[in-house]
Amino acid sequence: MLNGSCSTIRRRWIKRLNENTNVHRSEQRNPLELLRAPQLSPVVPVKASNGSVKTQVKDVHAEILDGSLRMHITYEFKGERGQV
């Protein structure tokens, strides 16, 4: 599911990026993959409960300010016991 949602997120991110930078449609660029899906959805082990916290990306908002890319990532968290 993550791969499908990542391509959707990537399309939305590119659309927002083009809208926010006032790029004319003929000047829009192809996407550049900076991060892969597994890098955005880590599993964090929690020893105290012998479990883990899994993350899933729900939305990505990106902006370019002063030549820097800033990404705002919204996650959904899910805890699971016995998954360490």
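Here's a quick rundown of the structure. (Residues numbered from 1 in each chain as written. Predicted model: local features only at pLDDT ≥ 70, side-chain atom pairs only at ≥ 80, totals over all residues. Heavy atoms only, no water.)

1. Describing the sheet that holds strand 2 (residues 51-65)
Adjacent strands of a sheet pair through backbone hydrogen bonds, lying either parallel or antiparallel.
Alright, step 1. What the three strands build is an open sheet, ordered 1-2-3; its pairing is antiparallel. Taken across any chain shown, the strands that pair with only one partner, and hence form the sheet edges, are strand 1 (43-46) and strand 3 (68-81). Within this sheet the neighbouring strands show an average axis-to-axis angle of 30°, counted without direction.
Alright, step 2. Here strand 2 runs beside strand 3; their pairing, made up of 14 bridges, is antiparallel. Looking across to strand 3, one finds that Glu-63 is bridged to Arg-70. (Pairing = 2+ DSSP bridges. Helix = DSSP H or I, 4+ residues; strand = E, 2+ residues; numbered from the N terminus. Axes fitted to C-alpha atoms, helices over the stretch in contact; angles between N-to-C directions.)

2. Some thoughts on the pairing of strand 2
Alright, step 1. With four bridges joining them, strand 1 and strand 2 adopt antiparallel strand pairing. Paired with Pro-45 across the strands is Ser-52, a residue of strand 2.
Alright, step 2. Where strand 2 hands over to strand 3, the hairpin turn is made up of two residues, of which Asp-66 adopts a positive phi near 50°.

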